[in-house]
2 protein chains.
Amino acid sequence: MSNQFGNKLRELREQQNLLLRQVAPLLDVDTPMLSKIERGERQAKKELVLRLAPILKAKPDELLTLWLADQIAALAADEEVGLQAMQVAEEEVKYQKTKKKK
Amino acid sequence: MSNQFGNKLRELREQQNLLLRQVAPLLDVDTPMLSKIERGERQAKKELVLRLAPILKAKPDELLTLWLADQIAALAADEEVGLQAMQVAEEEVKYQKTKKKK
DNA sequence: GTTATATTTGTCATTATTTGGCAAGTCATT
DNA sequence: AATGACTTGCCAAATAATGACAAATATAAC
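Residues numbered from 1 in each chain as written. Chains lettered and ligands numbered in written order. Predicted model: local features only at pLDDT ≥ 70, side-chain atom pairs only at ≥ 80, totals over all residues. Heavy atoms only, no water.

Moving on: the side chain of B:Glu90. Along the chain, B:Glu90 turns up in helix H6 (residues 82-98). Apart from the residues within four sequence positions on either side, B:Glu90 is in contact with A:Leu83, A:Met86, A:Gln87 and A:Glu90. (Helix = DSSP H or I, 4+ residues; strand = E, 2+ residues; numbered from the N terminus. Contact = heavy atoms within 4.5 Å.)

Right, here's the structure in full:
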């Protein structure tokens, strides 16, 4: 399993010399929960990612990208057609971007 | 929403001149359910996709690819960082492929 | 090796989401 | 208006995700 997101969280947290038990309360989760998120055992909600960014002095988009990437990778990883599917999906998303609205 | 998978199903089914009520029993689902799958209102299970392939005279991998692509696109579509995340995820998946095992 | 602190593990009840099926609906054709 | 093809709406059951807690395991200091 990949968990680039969680790895980044841990890396940033340690860079700031912050403990799980210090950060967790700021996010309204308990310490074990944050631990699980960092290790990829639990999924963070988007809102939590956004609240985390300033605490870890990271750009929200950077964290969101890794957060989403892990989810996508999890889907694609255990299928033989994973990479092809991603190509198709990419075109699909690009196309949808052109016509603004959802 | 995209639904390339469902669109392909319908296209193939019509090419074979098959009716929903003919195909559905072969898959052990009822007609409304298959209708919903074709319209992307319900997700097909992987196993159903595989059983569908021979009926519609399609390559399993072709259907699986679209089926997965829709799921990935659904994840990425409503995030601004969707495309970037897909790039990251792609690298992630490629990397995992190199080290065989999960 | 005992104490203290940080993190992880395991379990659980609650909540949310997904699923599959049915009854009834629409739409078109005859 | 009857038939045939498909769709819609709704619901109960199954499944998965969530958050919390107690307990367990490090890790390090003394």
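Turning our attention to the pattern of salt bridges. Per the counting criterion, the structure on display carries 20 salt bridges over all chains. Note that B:Arg13 and B:Glu38 form a salt bridge whose closest N and O atoms lie 2.7 Å from each other. Placement of B:Arg13 in helix H1 (residues 4-15) and of B:Glu38 in helix H3 (residues 31-38) is noted, with a sequence separation of 25 residues between them. Given the relative accessible area of 7%, B:Arg13 is considered buried. With relative accessibility at 4%, the residue B:Glu38 sits in the buried group. With a closest N to O distance of 3.2 Å, B:Arg39 and B:Glu41 form a salt bridge. Taking relative accessible area as the criterion, B:Arg39 reaches 43% and is therefore assigned partly exposed. Of the residues examined, B:Glu41 reaches a relative accessible area of 44% and is grouped as partly exposed. Beyond isolated ion pairs, a larger network of salt bridges with shared partners links A:Lys8, A:Glu11 and A:Glu62. (Salt bridge = Lys/Arg side-chain N within 4 Å of Asp/Glu carboxyl O. Buried < 20%, exposed > 50% of the residue type's maximum accessible area, 1.4 Å probe, protein only.)

With that settled, the discussion passes to the nonpolar core. Grouped together as the largest cluster of nonpolar side chains are 61 residues, with contacts concentrated most on A:Phe5, A:Leu63, A:Ile72, B:Phe5, B:Leu63 and B:Ile72. Setting aside anything within four residues of it in sequence, one finds B:Phe5 in contact with B:Ile37, B:Ala44, B:Val49, B:Leu63, B:Leu66, B:Trp67 and B:Asp70. (Core = buried A, V, L, I, M, F, W, Y, C linked by side-chain atoms within 4.5 Å.)

With that settled, consider the protein's contact with DNA strand C. The full set close to DNA strand C counts 17 residues, and A:Arg10, A:Arg21, A:Ser35, A:Lys36 and A:Arg39 are the nearest of them. Sugar and phosphate atoms form 50% of the subset of DNA strand C atoms that lie within 4 Å of the protein. Taking B:Lys45, its side chain carries an N or O atom lying 3.4 Å from a phosphate oxygen of DNA strand C. Mapped by element, the contributors of at least two residues to the surface near DNA strand C are helix H1 (4-15), helix H2 (20-26) and helix H3 (31-38) of chain A together with H3 of chain B. (Near = heavy atom within 4 Å. Polar contact = N/O pair within 3.5 Å; in protein donor to acceptor, adjacent residues only side chain to side chain.)

Turning our attention to the packing of helix H5 (residues 60-77) of chain A against helix H5 (residues 60-77) of chain B. For the pair H5(A) and H5(B), the least separation of the axes is 10 Å and the interaxial angle reads 170°. Looking at the two axes, H5(A) sits roughly antiparallel to H5(B). Of the residues in H5(B), those touching H5(A) at A:Leu68, A:Gln71, A:Ile72, A:Leu75 and A:Ala76 are B:Leu68, B:Gln71, B:Ile72, B:Leu75 and B:Ala76. When grouped by side-chain class, the residues that make up the contact of H5(A) with H5(B) number 8 nonpolar, 2 polar and no charged. (Axes fitted to C-alpha atoms, helices over the stretch in contact; angles between N-to-C directions. Parallel < 35°, antiparallel > 145°, perpendicular 65-115°, else oblique. Nonpolar A, V, L, I, M, F, W, Y, C, P; charged D, E, K, R; others polar.)

All names here are of chain A. Topologically, Pro-60 is positioned in helix H5. Residue Pro-60 is classed as partly exposed on the basis of its relative accessible area of 36%. For the pair Pro-60 and Leu-50, spaced 10 residues apart in sequence, the C-alpha separation works out to 5.8 Å. When near neighbours in sequence (up to four residues on either side) are disregarded, Pro-60 contacts Leu-50 and Ala-53.

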